[in-house]
Every structure is written in C-alpha cells, then in structure tokens.
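Residues per chain are reported as follows:
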Amino acid sequence: QESGVGVRLSMDAAIAERKPELATCINDHKNALPTGVFKAVITVGASGRAKSVGFEPEAVSATPLGSCIRNVLTGAEYPTAPADITFRVPLHVGAS
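First, a word on scope: everything that follows refers to the structure included in this document. Computed from a prediction, not measured in an experiment: that's the story for all the values here.

Reading guide: rules and limits
Residues numbered from 1 in each chain as written. Predicted model: local features only at pLDDT ≥ 70, side-chain atom pairs only at ≥ 80, totals over all residues. Heavy atoms only, no water. Core = buried A, V, L, I, M, F, W, Y, C linked by side-chain atoms within 4.5 Å. Buried < 20%, exposed > 50% of the residue type's maximum accessible area, 1.4 Å probe, protein only. Contact = heavy atoms within 4.5 Å. Helix = DSSP H or I, 4+ residues; strand = E, 2+ residues; numbered from the N terminus. Pairing = 2+ DSSP bridges. 1 Å grid on protein atoms, 1.4 Å probe; cavity = no way out; pocket = protein on both sides within 12 Å on 5 of 7 lines; lining within 4 Å. Points joined across faces, edges and corners; volume = space filled by probe spheres on them.

Remarks on the nonpolar core
Judged by nonpolar contacts, the single largest core of 23 residues is most densely connected at I15, I42, I69, L73, Y78 and F87. Not counting chain neighbours up to four residues away, the residues in contact with F87 comprise R8, M11, I15, A40, V41, I42, V44 and Y78.

Section: the pairing of strand β1 (residues 37-44)
Most of β1 is tucked away, with 6 of its 8 residues classed as buried. When β1 meets strand β2 (residues 50-56), the two strands line up antiparallel, connected through 6 bridges. Bridge pairing in β2 places I42 opposite V53.

Description of the layout of surface pockets
By volume, the largest pocket amounts to about 180 Å³. D12, I15, A16, K19, L22, A23, I26, V89, P90, L91 and H92 are the residues that line the largest pocket. Breaking the lining of the largest pocket down by element, the ones donating at least two residues are α1 (2-16), α2 (19-28) and β3 (85-92).

Structure, rendered in structure tokens:
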C-alpha cells in the first residue's frame with residue numbers, strides 16, 4: 001500500500017508542475033466554466049506518459065476548456081509505474 005501512496009504523491013507533483021498552464025486554460029475560458037468542482041480523469045501508462053485524459057462531468061471534454069486542459073495534462077511528465085494507473089484530479093472553479 002505504501003507504494004500506492006508514493007505514486008499518488010508523485011502524480012500530484014506532476015500536476016502541480018503544470019498549475020500555471022492549467023490556470024491559463026481556466027482564465028482563457030472563464031466564461032465557459034462549469035460550476036463547482038469538475039475532475040480530470042487521467043490514465044497514465046507504465047512509461048509515465050498520459051494515455052488518456054477525460055473529465056467528470058464528461059460534457060467538459062467537448063469544450064475548448066476541456067481541450068486546453070487535456071493538452072496540458074497530456075504533456076505532463078508522470079512517474080513510471082508497473083502498470084497503467086487511472087486517477088482523478090479535482091479542478092476547483094469559482095469562489096472557494
């Protein structure tokens with residue numbers, strides 16, 4: 001179980017490195033933001049590269065905001081792992 005926690009922390013660090021770019025996406029598309037919290041659903045391959053980036057709610061995927069965030073998260077460098085890993089990243093929007 002310890003390694004799972006370590007991988008999760010490493011994934012969080014990979015996302016944290018992209019926060020300025022994620023903020024740019026949100027600022028550029030602030031008129032089309034969903035209310036509340038939405039999540040990026042990222043599947044990372046064993047190589048440390050994102051295999052897919054989706055969203056909850058899924059409707060975000062088809063928007064320019066979704067495309068911008070997907071491009072940022074797809075380009076991030078994640079830690080390598082013994083197998084594919086899927087994890088969710090909450091993206092908070094609005095006053096919080």
